[in-house]
Amino acid sequence: MVPSPCIGLCRIDQHSGFCVGCARTATEIASWKNAPDAEKTRIRSELLPRREQLTAQIQRLLWSLDDLRTFIMSTLRPGTGTWASAIRGAVAEFCIEDGEEIKLGAGTGIMTAATARGAISFHLSDAIHTLSVSMPFGPGRPGIIVLAIPRSAAVPAPLGLSCIGADSGSIQPANRHEILYDFGLGSAVLSFGIRTADPELIASLNDRVGQPHQTFLSDLGEAIVRCSPTRIIRNAIGRIEVFAPIPPPGGRSPSGPHTHFLPKQLSQGDDMPANLHVPDFYLPCFIYYSHGS
């Protein structure tokens, strides 16, 4: 079976007659469902040069799970690039810098990497759609890889602070006794939270379960910065954990793994990061920025 190249960005370019999303003609799109595999394969072979004519920015990569696993492994080395999970106002980034010790892990459908400052996990499945986003920086410049799921597969997201309990999904077993709290942003893309073993912070958070982040952070923001708990962003494909200290108000985020939590930007309700827009069909769970892109 030859999968459709449709990425949900459906508009025919009047000059070329090709769809700006998949680079097929209107006739090819209409007949795709009933076309024989040989015809679909022929059409797919012609899409790349068509996209170059369109200077299309997004295409779906037909990677197998082995292809995806190989790509992810190639990124889990010092100096290669940065993985992010983000919406407008809530961001976590993971990267590995020169000289850092890396602990890699792999199991059935799972890949992990951890350093002293952060960790990342990927749960690989056929539900993942891999998108290539070319950036208009000129020939030879690397682009962006997005790991996404169809929006239709999203699970409704809760609102308000919730206590998840002991973090059984922690990437490193030593942290699985710590208590995970979800800020309850209501985003279909990701959840943002913190994990802690500090008894005073746990008691304070438990007293505010159910409150929106605007409310409980006005009371506990200073205590959270002072305790600097692990920040956890979870999505449908995996998670990023950031152990690096939270900078003080007015301070700069350190290089390497870090998070941003910006309530004013969150209030805009945009479930895409500020510098990336993909078709609404997709929820972008992980974004990989190659160093140099």
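Just so we're clear, the structure is a prediction, and the values are computed from it rather than from any experiment.

(A) Local environment of the overall build of the chain. Across its full length, the chain carries 7 helices and 15 strands. Its C-alpha atoms give the chain a radius of gyration of 21 Å, within 12% of the compact-globule value 19 Å for 293 residues. In terms of overall dimensions, the chain has C-alpha extents of about 65 × 40 × 35 Å along its principal axes. Buried positions account for 46% of the 293 residues belonging to the chain. Approximately 14400 Å² of the chain is accessible, and the part contributed by carbon and sulfur atoms is 55%. A distance of 4 Å separates the average location of the 25 positive side-chain charges in the chain from that of its 26 negative side-chain charges.

(B) Representation of the side chain of T230 in the model. Inspection of the secondary structure assignment puts T230 in strand β12 (residues 230-234). On the basis of relative accessible area, T230 is assigned to the buried category, the value being 12%. When neighbours within four sequence positions are excluded, T230 is seen to be in contact with G193, I194, R195, E241, V242 and F243.

(C) Region of interest: the sheet that holds strand β5 (residues 110-114). Taken together, the 8 strands give an open sheet; going across it, the order is β4-β5-β6-β13-β12-β11-β10-β9, and neighbouring strands pair in antiparallel fashion. Looking at which strands have only one partner, the edges of the open sheet turn out to be β4 (103-107) and β9 (162-166). Put simply, the sheet's adjacent strands are angled 15° from each other on average, direction ignored. Examined bridge by bridge, β5 and strand β6 (residues 118-123) share 5 bridges and lie antiparallel to one another.

(D) Looking closely at helix α5 (residues 199-206). What α5 keeps buried is the set L201, I202 and L205. All buried residues of α5 project into a common sector of 100° when viewed along the axis, lining one side. Away from the buried face of α5 by more than 90 degrees, exposed residues P199 and E200 are located. Packing partners of the buried residues in α5 comprise β10 (179-182), β11 (191-196) and α6 (213-227). Regarding α5, its N-cap is D198, as a side-chain oxygen of that residue lies 3.0 Å from the backbone nitrogen of E200 further along.

(E) Looking closely at the sheet that holds strand β7 (residues 129-133). Reading across the sheet, the 7 strands line up as β1-β7-β8-β15-β2-β3-β14 and stay open at both edges, with antiparallel pairing between neighbours. Where the open sheet ends on each side, the last strands, each with one partner, are β1 (58-61) and β14 (258-261). Strand-to-strand twist in this sheet, taken as the mean axis angle between neighbours without regard to direction, amounts to 25°.

(F) Inspection of helix α4 (residues 65-75) at higher detail. Turning to α4, its buried residues are L68, F71, I72 and T75. Within α4, the buried residues cover an arc of 95° as seen down the axis, which keeps them to one side. The exposed residues of α4 that point more than 90 degrees off its buried face are D66 and T70. Residues of α4 that are buried make contact with β2 (81-87), β5, β6, β7, β8 (144-150) and β15 (282-290).

(G) Focus on the pairing of β5. By the criterion of burial, β5 is predominantly enclosed, with 4 of the 5 residues buried. Relative to β5, β4 is paired through 5 bridges, and the arrangement is antiparallel. Paired with K103 across the two strands is A114, which belongs to β5. Between β5 and β6, which follow one another and run antiparallel, lie 3 residues.

(H) Seen up close, the pattern of salt bridges. Enumeration according to the criterion identifies 13 salt bridges in this entry. Several salt bridges converge on common partners, so that one network encompasses E28, E39, R42, E46 and R50.

(I) Here's a closer look at the confidence of the model for the chain. Mean pLDDT over the chain works out to 88, with 92% of the residues at or above the 70 mark. Predicted confidence for residues 136-141 stays below pLDDT 50, and this span has 3 contacts to residues more than four positions away or in other chains.

(J) The arrangement of the packing of aromatic side chains in detail. Taken as a whole and assessed by the stated rule, the structure comprises 12 aromatic pairs. Between F183 and F216 the ring centres are 5.1 Å apart and the planes differ by 80°, which places this aromatic pair in the edge-to-face class. One end of the pair, F183, is in the loop between β10 and β11; the other, F216, is in helix α6, and 33 residues separate them in sequence. Taking relative accessible area as the criterion, F216 reaches 0% and is therefore assigned buried. When the ring centre of W32 is taken as reference, the NZ or CZ atom of R24 above it lies at 5.0 Å.

(K) The side chain of N175, seen in detail. Within the secondary structure, N175 sits in the loop between β9 and β10. The class for N175 is buried, based on a relative accessible area of 16%.

(L) Representation of the pairing of β8 within the structure. Of all 7 residues making up β8, 7 are buried, and the element is well covered by its neighbours. Relative to β8, β7 is paired through 5 bridges, and the arrangement is antiparallel. Bridge pairing links T130 to L147 in β8. The sheet contact formed by β8 and β15 spans 7 bridges and is antiparallel. In the strand pairing of β15, I145 is matched with Y288.

Reading the values: the criteria
- For every chain, the first residue of the written sequence is number 1, and numbering continues from 1 along that sequence.
- Residues qualify for local features only when their pLDDT is at least 70, as the model is predicted, and side-chain atom pairs are given and counted only at 80 or more; totals for whole chains, interfaces and linings, by contrast, use all residues.
- As a rule here, side-chain values come from all non-hydrogen atoms in the structure, and water together with hydrogens is ignored.
- Each helix corresponds to a stretch of at least 4 residues labelled H or I by DSSP, and each strand to a stretch of at least 2 residues labelled E; elements are numbered beginning at the N terminus.
- As a reference, a globule follows 2.2 Å times the number of residues to the power 0.38, and the radius of gyration itself is taken over C-alpha atoms.
- Relative accessibility decides the category of a residue: with a 1.4 Å probe and only protein chains considered, values under 20% of the type maximum give buried, values over 50% give exposed, and everything between is partly exposed.
- All accessibility values rest on the Shrake-Rupley procedure with a 1.4 Å probe; residue burial counts only the protein chains present in the view.
- Neither His nor the chain ends is counted toward charge; the positive residues are Lys and Arg and the negative residues Asp and Glu.
- Each charge is placed at NZ for Lys, CZ for Arg, CG for Asp and CD for Glu.
- It only takes one pair of heavy atoms within 4.5 Å for two residues to be counted as in contact.
- Here a strand pair is declared whenever DSSP counts at least two bridges between the two strands.
- The axes used here are C-alpha line fits, helices contributing only the stretch in contact, and every angle between their N-to-C directions lies in the interval 0 to 180 degrees.
- Note that the arc is computed from the directions linking the helix axis to the C-beta atoms.
- In protein, a polar contact requires one atom able to donate a hydrogen and another able to accept it; more generally it is a pair of N or O atoms within 3.5 Å, and residues adjacent in sequence count only if both atoms are side-chain atoms.
- Salt bridge, as used here, is a side-chain nitrogen of Lys or Arg placed within 4 Å of a carboxyl oxygen of Asp or Glu.
- Values of pLDDT, ranging from 0 to 100, describe the predictor's confidence in every residue of the model.
- Any two rings among Phe, Tyr and Trp, with Trp reduced to its six-membered ring, count as a pair given centres within 6.5 Å; such a pair is stacked if its planes are under 30 degrees apart, edge-to-face if over 60, and tilted if neither.
- A ring is considered to have a charge above it if a Lys NZ or an Arg CZ atom is located within 6 Å of its centre and within 35 degrees of its normal.

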